[in-house]
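# Survey of secondary and tertiary structure
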Amino acid sequence: MDYSQFLYMPQELGLLVVFLLVFLFDTFGPKRSQSSLPVLTAVLFGIFTVCNGFMLMRGTAFSGMFENTAATYVMKVILNIGVLIVLIQSIKWANSEDMAIRRGEFYELLLLTVFGMYLMISARHFLLFVIGLETASLPLAALVAFHKKRYESHEAAAKYMFTAIFSSAVFLMGLSFVYGLFGSLYFSDIAYQVMNNTSAVLVVALAFVIAGIGFKLSLVPFHLWTADVYQGAPTPVTSYLSVISKGAAAFAFMVVLVQVFGAAYSKIWEWMLYAIIVLTITLGNLFAIRQRNIKRFLAFSSISQAGYIMLGVIGGNEMGLASLMFYVLVYIFSNLAAFGVAFAIEQQSGKVSIDDYNGLYKTNPWLSFTMMLAMFSLAGIPPFAGFFSKFFIFAGALECGETSIYILVLIALINTIISLYYYLLVVKAMFISPDECGIERFRSSCGERVALIVCTFGIILTGIVSCIYTFLVEAAQDGTTMFGLLN
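What you see is a predicted model; the values in this text were computed from it and never measured. (Residues numbered from 1 in each chain as written. Predicted model: local features only at pLDDT ≥ 70, side-chain atom pairs only at ≥ 80, totals over all residues. Heavy atoms only, no water.)

## What about the state of the cysteines?
Going through the model one piece at a time under the given rule, you end up with zero disulfides. Unpaired in terms of disulfides, C446 finds its nearest cysteine sulfur in C455, a separation of 15 Å. By relative accessible area, C455 is classed as buried at 0%. (Disulfide = S-S within 2.5 Å. Buried < 20%, exposed > 50% of the residue type's maximum accessible area, 1.4 Å probe, protein only.)

Here it is in C-alpha cells:
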C-alpha cells in the first residue's frame, strides 16, 4: 500500500489530529482543568479551520475511491464554519452541572460525525460513501439522547435511531440493485453504464437511493422524525442537526445524483424530485405556521429550506453547484443565529414558546435584533444574505431552460411569500405585540455572544460582499472541469 495517498486527505487527517488531542486531554488531563475542554476544543477547531486555507491537495486516492477537488474542499470549509459556531455556542452549556461528566463525549462524538461527512463528500465509491454515512449518523443518535434525565430526549433518540436504521436499510437495498445491474460501486463506472440502461430495476434503485439520502435532508415524505427530534434533543445538537448534517447531506446528494445518475435524469428521477421539492417546501411552510414551540417552528422551517436547497441539485450545472454552496453558507449563519438566540433564552429562562417572545425587544434588544436579522434572512428579504441565496438558487435551476423548471421555480416563489408570514410572526411577537415580556433582561455568556456576533456579520457580509459568490463559482468550475464533479 502506498501511504503517500493519505496526503490527498489533509482535511480528514487534520480533523483526526484535533479529535485525538481532545480525546487525550479529556482522558488524561488533570480534573481541575477539565472545565477548559470546551474552550480548548473550539480553539483547536478554529485553528484547524483557518489552516484549511492551506490544505487543498487535488487528486484521487485509494484506486479512485476518494477524490479531493476545489469544490469538495470548499464544501468542507463551509461545514467547518458551521461546526465552529456550534462549538462556540455550546461552551457554557458543556460546562453546566448536568453536562460536566459527559462534555468530552459530546465533543468526541461531534467531531466523529464531521469526519463521516467529509468521507461522504469526497467518496467516489459507494462503499466509502456508506462508511461515511454511518459514521455521520450513528453518533448523532447518542448526541440526541444527551439529556439523560429528560424523557423527550430519550424519545427523540429512539425515533432518530429507528428512522436512521430504516433509511440506511432502504439505501443499501438500492445499492444492491445498482451493484446487480452494473457490477461495480465506483461512481464513474455506474455513470458510464447508466446511459444505456432504462430498466425498471434502475427506477426502483434510484427511488431507494433518494429515500435513503432524503432522510438526512428531511425531505417530505421522509421528514416525520424531524420535529420531535429537534424538540427533544439538546438545543446545540438540534442546531448541529439542522445545519451541518443537512448541509453535508445536500452536498452528498448533489455528487451522487448528478455525477452517478445524471445521465438518467430526464428519464427517471426528474419528476420524482420535482414532486419531492414541491411537497417539501409547501408542507414545511404550512406546518411551520401552526407551531408555537420555537424549536418545532425552526424544525419545519428547516424542512422547507431543504426543498430550496434541492433546487441547486436540480440545476445539475456549475451555477447550480455554486448556488448550493452559497445557500448552505448563508443558511448556516441565519439558522445558527436563530438557534443561538433561542438557546440563550432557553438557558436563562427555560422558555421555548414563541408567545414568550412577546415584547422581547424591551428587555433584550440585542437578542431581538439578531433574531430579526435571522428571520429576515431565512425569509429571503433584501438586502440580507437570504435574498441573494434564494436568487442564485433560482437562477441556477432556471439555467436548465426547461418549461417544467420554470413552473417549479414559480411554485417555490409562491411558497416564499407564505414563508414571509410565519417568519414575520416571530418579529411581530418581539417588536409589535403589546404584552409584557416574560423574559427578564439578562446577559448571555461570552461564547454565545461571540457566536451571535459571527452569525450577524455573516448574514450581513454574505449579502453585500459579491466576491464570496464569485469564489464559489470559480471553485465549482475548477471542480467540474478538472475532475468531473458534474456531468
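## Remarks on a nonpolar patch on the surface
On the surface, a cluster of nonpolar side chains totalling about 640 Å² of accessible area is made up of W366, F369, I453, F457, I460, L461 and I464. Take the nonpolar patch: its biggest share by element is five residues, from helix α19 (residues 446–464). When you line up the elements, I464 lands in helix α19. Among the residues examined, I464 registers a relative accessible area of 59% and is labelled exposed. (Patch = residues over 30% accessible without salt bridge, like charges linked within 9 Å, V, L, I, M, F, W, Y side chains within 5 Å. Areas by Shrake-Rupley, 256 points an atom, 1.4 Å probe, with all protein chains shown as cover. Salt bridge = Lys/Arg side-chain N within 4 Å of Asp/Glu carboxyl O. Helix = DSSP H or I, 4+ residues; strand = E, 2+ residues; numbered from the N terminus.)

## A look at the side chain of H223
For H223, the location among the structural elements is in the loop between α9 (200–217) and α10 (226–232). Of the residues examined, H223 reaches a relative accessible area of 12% and is grouped as buried.

## Some details on the packing of helix α3 (residues 70–89) against helix α14 (residues 318–349)
Their axes nearest at 10 Å, the elements α3 and α14 cross at an angle of 5°. Classed by the angle they form, the pair α3 and α14 counts as roughly parallel. Where α3 approaches α14, its residues A71, V74, M75, I78, I81, G82, I85, V86 and Q89 are matched on the opposing element by L321, M325, V328, L329, I332, F333, L336, G340 and F343. When grouped by side-chain class, the residues that make up the contact of α3 with α14 number 15 nonpolar, three polar and no charged. (Axes fitted to C-alpha atoms, helices over the stretch in contact; angles between N-to-C directions. Parallel < 35°, antiparallel > 145°, perpendicular 65-115°, else oblique. Contact = heavy atoms within 4.5 Å. Nonpolar A, V, L, I, M, F, W, Y, C, P; charged D, E, K, R; others polar.)

## Things to note about the pattern of salt bridges
Two side chains bearing opposite charge may form a pair once their charged atoms approach each other closely. Throughout the structure, instances matching the rule amount to six salt bridges. As a salt-bridge pair, E67 and R124 come within 2.8 Å of each other at their nearest N and O atoms. Note that E67 is positioned in strand β2 (residues 66–68) and R124 in the loop between α5 (103–122) and α6 (126–144), a separation of 57 residues in sequence. Through salt bridges with shared partners, a single network forms among E155, K159, D228 and R296.

## Points about the environment of T416
If you trace the backbone, T416 turns up in helix α18 (residues 403–431). Looking at T416, the relative accessible area reads 12%, which means it is buried. Linking T416 and I381, residues 35 residues apart in sequence, is a C-alpha distance of 9.7 Å. Excluding anything up to four places from it in sequence, T416 contacts Y308, A379, K390 and F394.

## Describing unusual backbone geometry
Note the cis peptide between V220 and P221, where omega equals 10°. You can see P221 is positioned in the loop between α9 and α10. The peptide bond linking P382 to P383 adopts the cis configuration, its omega dihedral lying at 5°. The topology assignment puts P383 in the loop between α16 (365–379) and α17 (385–398). Although it is not a glycine, S218 sits at a positive phi angle of roughly 60°. Tracing the backbone through its elements, the reader meets S218 in the loop between α9 and α10. When its relative accessible area of 0% is taken as the criterion, S218 is described as buried.

## A word on helix α7 (residues 151–182)
Helix length check: α7 (32 residues) gives 46 Å between terminal C-alpha atoms against 46 Å at 1.5 Å per residue, within 8%. A positive backbone phi angle near 70° is found at G183, which sits one or two residues after α7. (Expected span 1.5 Å × (residues − 1).)

## Some details on the packing of aromatic side chains
One pass over the structure, following the stated rule, counts 25 aromatic pairs. For the ring pair Y160 and F215, a centre distance of 5.8 Å and an interplane angle of 45° mean the geometry is tilted. On the criterion of sequence distance, the pair formed by Y160 in helix α7 and F215 in helix α9 is long-range, its members being 55 residues apart. Using a relative accessible area of 2% as the deciding quantity, one classes Y160 as buried. Taking 6.3 Å as the distance between ring centres and 70° as the angle between the ring planes, the aromatic pair formed by W225 and Y230 counts as edge-to-face. Three or more aromatic residues joined by ring pairs form one cluster here, namely W93, F106, Y107 and F146. Between the NZ or CZ atom of K76 and the centre of the ring of Y118, over which it lies, the distance is 5.6 Å. Its guanidinium or amino end placed over the ring of Y308, K390 lies 4.8 Å from that ring's centre, counting from NZ or CZ. (Phe/Tyr/Trp six-rings, centres within 6.5 Å; stacked < 30°, edge-to-face > 60°. Lys NZ or Arg CZ within 6 Å of the ring centre and 35° of its normal.)

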